[in-house]
Amino acid sequence: MALLSLNRIIAPSYYIIIRINMRDFVFENKTKVYFGKEQLCHLHEEVARFGKRVLMVYGGGSIKRIGLYDKVMAELQKAGASVFELPGVEPNPRHTTVNKGAAICKQEGIDVLLAVGGGSTIDCTKAIAAAAKYEGDDVWDLITEKAVVSETLPIITVLTLSATGSEMDGGCVISNVETNEKLGYFAPDNNPDVSFLDPTNTFSVSAYQTACGSVDIMSHIFDVAYFSKKQSMDMLLRIQEEVLKTVVKYAPVAVAKPDEYEARANLMWASSWALNNFLYEGFFQATVCHSMEHELSAFYDITHGHGLAILTPRWLAYVLDEETAPVIQRFGVNVMGLDGSLPVMEGAKAAIQALEAFFFETLGLKSRLSDLGIDDKNFTAMARKACGAEGILHGFTDLTPADVEKIFRMCL
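This one's a predicted model, so the numbers in the text were calculated from it and none came from an experiment.

K.L.:
Describe the pattern of salt bridges, with residues and values.
P.N.:
Under the defined criterion, the tally for this structure stands at 14 salt bridges. Between Lys32 and Glu46 there is a salt bridge; the shortest N-O distance is 2.8 Å. Here Glu46 lies in helix H1 (residues 43–50) and Lys32 lies in strand E4 (residues 29–35), a separation of 14 residues in the sequence. Lys32 sits in the partly exposed class, given a relative accessible area of 34%. Across the salt bridge formed by Arg49 and Glu46, the nearest N and O atoms sit 2.7 Å from each other. Highlighted residues: Arg49 and Glu46, both in helix H1, separated by three residues, approximately one helical turn. Taking the relative accessible area as the measure of exposure, Glu46 reaches 2% and is therefore buried.

K.L.:
For unusual backbone geometry, give the residues involved together with the corresponding values.
P.N.:
Within the chain, Glu145 stands out as a residue other than glycine whose phi angle is a positive 65°. Turning to its location among the elements, Glu145 is positioned in the loop between helix H6 (140–143) and strand E8 (155–159). The backbone of Asp301 sits at a positive phi, close to 55°, despite the residue not being glycine. Within the secondary structure, Asp301 sits in the loop between helix H10 (288–300) and helix H11 (304–319).

K.L.:
Now, about the packing of aromatic side chains: what can you tell me, with residues and values included?
P.N.:
In total, this model carries 16 aromatic pairs according to the counting rule given. Relative to Phe227, the ring of Phe222 lies with its centre 4.9 Å away and its plane at 45°, an arrangement referred to as tilted. Residue class for Phe227 comes out buried when judged on its relative accessible area of 0%. When the ring of Phe222 is compared with that of Phe331, the centres are 5.3 Å apart and the planes differ by 90°; the resulting orientation is edge-to-face. Of this pair, Phe222 sits in helix H7 (residues 207–226) while Phe331 sits in helix H12 (residues 325–334); the two residues are 109 residues apart in sequence, bridging distant segments of the chain.

K.L.:
If you had to explain H1 to someone new, which residues and values would you point to?
P.N.:
Among the residues of H1, Leu43, Glu46 and Val47 are the ones counted as buried. Buried residues in H1, looked at end-on, bunch into an arc of 100°, giving them a common side. Positive phi appears at Gly51, one or two residues downstream of H1, with a value of about 145°.

K.L.:
Please provide a residue-by-residue account of the pairing of strand E7 (residues 112–117), values included.
P.N.:
With six of six residues buried, E7 is to be regarded as a mostly interior element. Bridge count between E7 and E8: five bridges; the pairing is parallel. Bridge pairing in E8 places Leu114 opposite Ile156.

K.L.:
Describe the pairing of strand E10 (residues 181–186), naming the residues involved and giving the relevant values.
P.N.:
Where strand E9 (residues 171–176) lies against E10, six bridges are found, and the strand directions are antiparallel. Residue pairing for E10: Asn176 is matched across the bridge by Glu181.

K.L.:
I'd like a description of the environment of Val327, backed by residues and values.
P.N.:
With respect to the helices and strands, Val327 occurs in helix H12. On the accessibility criterion, Val327 (12% relative accessible area) is buried. In the structure, Val327 is positioned 19 residues away from Glu346 in sequence and 12 Å away in space, judged by C-alpha atoms.

K.L.:
Explain helix H4 (residues 95–108) to me, using residue names and the numbers behind them.
P.N.:
An ideal rise of 1.5 Å per residue puts 20 Å on 14 residues; H4 measures up with 20 Å between its terminal C-alpha atoms. Restricting attention to buried positions, one finds in H4 the residues His95, Thr97, Val98, Asn99, Gly101, Ala102, Ile104 and Cys105. For H4, the elements touching its buried residues are strand E5 (53–58), strand E6 (82–86), E7, helix H5 (119–131), H6 and E9. Gly109 lies just past H4 and shows a positive phi near 60°.

K.L.:
Please give an account of the environment of Gly347 that cites residues and values.
P.N.:
Secondary-structure assignment places Gly347 in helix H13 (residues 344–362). You can call Gly347 buried: its relative accessible area is 4%. In sequence terms Gly347 and Lys406 are 59 residues apart; their C-alpha atoms lie 24 Å from each other. In this structure Gly347 touches Gln329 and Leu342, once residues within four positions along its chain are discounted.

Basis of the calculations
Residues numbered from 1 in each chain as written. Predicted model: local features only at pLDDT ≥ 70, side-chain atom pairs only at ≥ 80, totals over all residues. Heavy atoms only, no water. Salt bridge = Lys/Arg side-chain N within 4 Å of Asp/Glu carboxyl O. Helix = DSSP H or I, 4+ residues; strand = E, 2+ residues; numbered from the N terminus. Buried < 20%, exposed > 50% of the residue type's maximum accessible area, 1.4 Å probe, protein only. Phe/Tyr/Trp six-rings, centres within 6.5 Å; stacked < 30°, edge-to-face > 60°. Arc of directions from axis to C-beta. Pairing = 2+ DSSP bridges. Expected span 1.5 Å × (residues − 1). Contact = heavy atoms within 4.5 Å.

In short, geometric facts, not functional conclusions.
Below, the structure written as structure tokens:
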């Protein structure tokens, strides 16, 4: 899931209400998480809580190659479930695929949805959960707020990629390739009811996708709360830095040694906590880099995390000034381990350079949009769409379409 207004997280359910020098908030926890190697054995009992008719949603053939498909089907057989399938979910899930899933749900009287895959599969499943309760036949009506639903189908997830955090939050992002739009959507009560997180299911993830997923984890924290001029609760700020440090430590290990359990486990749990709303309670700002990257993905269908890797250092360099420098320097010192005695501006520039080195040298991602076959012909339209109807992106520093276009050009 891309960054949106988040409102739910992990089990068990409880509320916390706090008053401090920030917004009051309600912290609600819904998703029940089974974490570890042997936890899938509980799938049949969790499915049985919701019913007998299951729509299993997944992407390509990877879950079959690693044997996960057979394990899931065995559990569904234990539950006595009638199983219907929606394979072929795209990396940037299409609204047309959502519509296919919703049609199956309506025709077959589906009781519960089972997403087996990464963030794209889970996002698609969330949209299906809402569209299945919509009397119309096009989920885009819901995503563009032309229609609303008051309920959704239950959702269970089996995660195979550490990246988006969609296994523990209520939002999804769906693409419409006909209109070059990639938009976020929240349906009522759309957190997964149960999520199964087994790090061994990520052993087969390629070095490239591991790197891109790790960037996405970091960007969730950067975009919503960390790079900001607003006041945040110090405890949460410290935890944000610890999650970022976890990714910096373990992403290179997972890239080099894909079956290293400790690395995969840390990345998987970091992914969930980077976007389950806990780190941002009482605080919200526009997600500038995600807004810009959604346009890249909408127009060019590139991997989301790679687009974020290319954009983030250039964005930080563009907004660097006397007011933003202390925050960027803090990242360099507290997360990247840089010398805290450097002058603030010098330290901030060193922090941006360290982030670039981590993305492009340590993780091995290509550093420029031109490396991905992207030219500048759509930049003006992309920048305008990124800034929305208001014509401005409010964030660390407010950006106009002209600013966004300049950042895109810095990435070429």
